[in-house]
Amino acid sequence: MEKPYISIVVPAYNEEGNLKPLMERLLPVMRGMGKPFEIIFTDDGSRDRTLAILKGMLPEVPELKLIEFNGNFGQHMAILAAFEKSSGEIVITLDADLQNPPEEIPRLAAEIEKGHDVVGTIRLKRQDTFFRKTASRIVNITTNKMTGMKMSDYGCMLRAYHRDVIDNINHCQETTTFIPALAQTFAANPTEIEVGHAERGEGESKYSLYRLIRLNFDLMTGFSVVPLQLFALMGILTSLASVGFALFLMIRRFIIGAEVEGVFTLFAILFFFVGIVIFGIGLVGEYVGRIYQEVRKRPRYVVRRVHGFKR
Ligand code: UDP
Ligand code: MG
């Protein structure tokens, strides 16, 4: 078989109902492009029939390749493992749940061929819950402010990357990451296009509220130390304000006399500041925890077996 020109990368975790419909739409699109391609699925420790279904497809689809994880290491690790195994000039990531229409792939590839090295996407008429959309809006704005990047939609995983960017990503060894942001740091000439978005095919979102929060911490602390700097700044401002307040109390004592009441007001103010301090410790802890994870140097993911790759 020829060396692939396009690599399609799909992470799958408990997606048994979506794999057949996805392949039925993806294959005609890829065959229609008339270039050699490969489709790499990573089974991220699924507990349903995902792995069995993918293995069943292997003999029928010569372009299909499969990475089998030893457990659930998360969407971003699943994509990274496939990046390492990919060999196409153009690498395109896609969700397995049919939220990203495979029909958009030729448009993404065309942007790379025009000379862009990262093609980001903006989901038109995004089909997610109101809560998810609002949360994403806040994340997009704050992340852009904190990292200095300019991306309209961090969450959309239907994206295309040039081989050079993939090679750079493959050199990174961080254990927690957020791939669109990581790619953006290596992009010399990125662009963004609008793509369609559909409701999830079968099953449910794999992101609980807790996992979403974790993921956003990965994004915020993994790509910026601005939160720490803001905190230091806040400390300086608070100190200045308290000096002003002490001066005010001193002058007040000379003019009106000592104040006695207001004990509970004091509590309210105190609780407010204690809250800020605990938040600050937590924030520092986030960074320390991440440093700890990195220095342990444990494997980021464990591959049990791979199928369909040439030795
Ligand atoms: N996914 C994965 N491992 C995980 C969670 C998700 O490989 O631990 C895959 C999932 O199968 C899907 C993609 O990542 O292909 C996006 O997940 P999902 O649709 O649940 O996220 P959402 O669209 O709700 O953000
Ligand atoms: Mg989805």
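Remember, it's a predicted structure, so these values are computed and weren't measured experimentally.

### Concerning the UniProt feature "transmembrane region" (unreviewed entry) in the protein chain
At step 1: The residues that UniProt annotates with the feature "transmembrane region" (unreviewed entry) are residues 230–251 and 263–288.
At step 2: Secondary structure across residues 230–251 divides into 100% helix and 0% strand, with the first and last C-alpha atoms of the span separated by 32 Å.
At step 3: Helix makes up 100% of residues 263–288 and strand 0%, whereas the separation of the span's terminal C-alpha atoms amounts to 37 Å.

### What about the coordination of the magnesium ion (ligand 2)?
Octahedral six-donor coordination of a metal ideally yields angles of 90 or 180 degrees, compared with 109.5 degrees for tetrahedral four-donor coordination.
At step 1: Coordination sphere of the magnesium ion (ligand 2), protein contribution only: Asp-97 (OD) and Gln-99 (OE1), at 1.9 Å. For the residue pair Asp-97 and Gln-99, the accessibility class agrees, reading buried in each case.

### A short note on the pairing of strand S4 (residues 90–93)
At step 1: Going residue by residue along S4, you find Ile-90 and Ile-92 tucked away on one face and Val-91 and Thr-93 tucked away on the opposite face as well.
At step 2: Bridge count for strand S1 (residues 6–12) against S4 is 4 bridges, and the pairing is parallel. Considered in S4, the bridge of Ile-6 is made with Ile-90.
At step 3: Here S4 pairs with strand S6 (residues 159–162) via 4 bridges, running antiparallel. Residue Val-91 lies in a different strand from S6, and its bridge partner there is Tyr-161.

Basis of the calculations
- Residues numbered from 1 in each chain as written.
- Chains lettered and ligands numbered in written order.
- Predicted model: local features only at pLDDT ≥ 70, side-chain atom pairs only at ≥ 80, totals over all residues.
- Heavy atoms only, no water.
- UniProt positions renumbered as here; feature names shortened; annotations may be inferred.
- Helix = DSSP H or I, 4+ residues; strand = E, 2+ residues; numbered from the N terminus.
- Donors = N, O, S within 2.8 Å, 3.2 Å for Na, K, Ca; no water.
- Buried < 20%, exposed > 50% of the residue type's maximum accessible area, 1.4 Å probe, protein only.
- Pairing = 2+ DSSP bridges.

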